[in-house]
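As a plain string of letters, each chain reads:
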Amino acid sequence: MPRIIVLRLGHRISRDKRVTTHVALVARAYGADEIIITGDRDDDLIERIRKVVETWGGDFSARFEENWRKVIRRFKEGGNGVVIHLTMYGLHVDDVIDEIRNSNRDKLVIVGAEKVPPFYYQNADYNIAIGNQPHSEVSALAIFLDKLYEGRELHFLFPKSKIRIVPQKKGKKVVTLQ
Ligand code: SAM
């Protein structure tokens, strides 16, 4: 299975705590393997994500990386990776998603925060728009992954979870597994 790594750019502790947490939660819940966060170092955020994985399972991991150029360089060095930058200025997702899905290459999916430097537009293999209107890195990532997996990710089971939800018509039912 090709790996899916999300690169979250320009995290600012003061402003992006919630949004970056949501990017990480979406990345995990929608089938990515890892998130790499650049910008301000935020160990509390990494720890919160680790605790989510401990409770809810799966092999998702999160780490901080100071040098984002190094992330892209290393990813490309492997030779089997495709760099995908989500931006409203890119090609419409529906025009390229089949080609991306059919490729067996690992995927580095980049989402921004504030203004994204031209480097990313130039060095991405794909600049992809989830529609050409401005919205959010959280929604862009969720929709991209959902289209990539064609909705199957919403049925994934996460191994080694401590709890699991039993869907209910009304109310909440959670079972403890370990
Ligand atoms: N003004 C910023 C820029 O120069 O790209 C966009 C800021 S937006 C709040 C943060 C991130 O959300 C973007 O970097 C992009 O990854 C994602 N995003 C927002 N709208 C998008 C869209 N229509 N398609 C794909 N990604 C989008």
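This one's a predicted model, so the numbers in the text were calculated from it and none came from an experiment.

## Side note on helix α3 (residues 68-77)
No. 1: Of the residues making up α3, those classed as buried are V71, I72 and F75. One face of α3 carries all of its buried residues, which in axial projection span an arc of 90°.
No. 2: Contacts from the buried residues of α3 go to β1 (4-11), β2 (34-39), β4 (81-92), β5 (106-111) and α5 (118-123).

## Quick notes on the pattern of salt bridges
No. 1: Going through the model one piece at a time under the given rule, you end up with 19 salt bridges.
No. 2: Notably, a salt bridge pairs E114 with R12, separated by 3.3 Å at the nearest N-O pair. In this pair, E114 sits in the loop between β5 and α5 while R12 sits in the loop between β1 and α1 (13-29), placing the two residues 102 residues apart along the sequence.
No. 3: Residue classification places R12 among the buried positions, given a relative accessible area of 19%.
No. 4: The shortest N-O distance in the salt bridge between E47 and R50 comes to 2.8 Å. With E47 and R50 both in helix α2 (residues 43-56) and 3 residues apart, this pair spans about one turn of that helix.
No. 5: Using a relative accessible area of 42% as the deciding quantity, one classes R50 as partly exposed.
No. 6: Members of the salt-bridge network, linked through shared partners, are R3, E34, R63, E65 and K70.

## With respect to the pairing of β1
No. 1: The buried fraction of β1 amounts to 7 of the 8 residues, a majority that puts the element mostly inside the structure.
No. 2: Pairing of β1 with β5, which is carried by 5 bridges, proceeds in the parallel orientation. Bridge pairing in β5 places I4 opposite K107.
No. 3: Two strands pair when backbone bridges link them, and β1 and β2 are joined in this way by 5 bridges, in the parallel orientation. Note that in β2 the partner of I5 across the bridge is E34.

## Re helix α6 (residues 137-149)
No. 1: Over its 13 residues, α6 extends 18 Å from the first C-alpha to the last, a length consistent with the 18 Å expected when each residue adds 1.5 Å.
No. 2: Buried within α6 are the following residues: E137, A140, L141, A142, F144, L145, L148 and Y149.
No. 3: Buried residues in α6 make contact with β1, α1, β4, α4 (93-102), β5 and β6 (126-129).
No. 4: For α6, the N-terminal cap is S136; the gap from its side-chain oxygen to the backbone nitrogen of V138 is 2.9 Å.

## Structural notes on the sheet that holds β5
No. 1: As summarised here, the arrangement of the 6 strands in space is β3-β2-β1-β5-β4-β6, forming an open sheet in which the pairing is parallel. Whereas interior strands pair on both sides, the edge strands pair on one side only; in this sheet they are β3 (61-64) and β6. The average angle at which neighbouring strand axes cross in this sheet is 25°, direction not considered.

## Some remarks on the nonpolar core
No. 1: I84, L86, I100, I128, L141 and F144 are the most contacted members of the largest nonpolar core, which has 34 residues in total.
No. 2: In this structure, L141 is in contact with V6, V23, V26, A27, L86, V109 and V111, ignoring residues within four places of it in sequence.
No. 3: Of all hydrophobic cores here, the second largest spans 14 residues; its members include I5, F75, L108 and I110.

## Some remarks on the site of the ligand
No. 1: Not every one of the 20 residues close to the ligand is listed here, only the nearest: L86, I130, G131, Q133 and H135.
No. 2: Contact distances for the ligand include 2.9 Å between a nitrogen atom and a backbone N or O atom of I130.
No. 3: The separation between an oxygen atom of the ligand and a polar main-chain atom of E137 is 3.1 Å.
No. 4: Within the complex, the protein chains bury 83% of what would otherwise be the 570 Å² of accessible surface of the ligand.
No. 5: Sorting elements by how many residues they give to the shell around the ligand places β4 first, with 3 residues.
No. 6: Its residues assigned to classes, the shell around the ligand comprises 11 nonpolar, 6 polar and 3 charged.

What counts, and at which threshold
- Residues numbered from 1 in each chain as written.
- Predicted model: local features only at pLDDT ≥ 70, side-chain atom pairs only at ≥ 80, totals over all residues.
- Heavy atoms only, no water.
- Buried < 20%, exposed > 50% of the residue type's maximum accessible area, 1.4 Å probe, protein only.
- Helix = DSSP H or I, 4+ residues; strand = E, 2+ residues; numbered from the N terminus.
- Arc of directions from axis to C-beta.
- Contact = heavy atoms within 4.5 Å.
- Salt bridge = Lys/Arg side-chain N within 4 Å of Asp/Glu carboxyl O.
- Pairing = 2+ DSSP bridges.
- Expected span 1.5 Å × (residues − 1).
- Polar contact = N/O pair within 3.5 Å; in protein donor to acceptor, adjacent residues only side chain to side chain.
- Axes fitted to C-alpha atoms, helices over the stretch in contact; angles between N-to-C directions.
- Core = buried A, V, L, I, M, F, W, Y, C linked by side-chain atoms within 4.5 Å.
- Near = heavy atom within 4 Å.
- Areas by Shrake-Rupley, 256 points an atom, 1.4 Å probe, with all protein chains shown as cover.
- Nonpolar A, V, L, I, M, F, W, Y, C, P; charged D, E, K, R; others polar.

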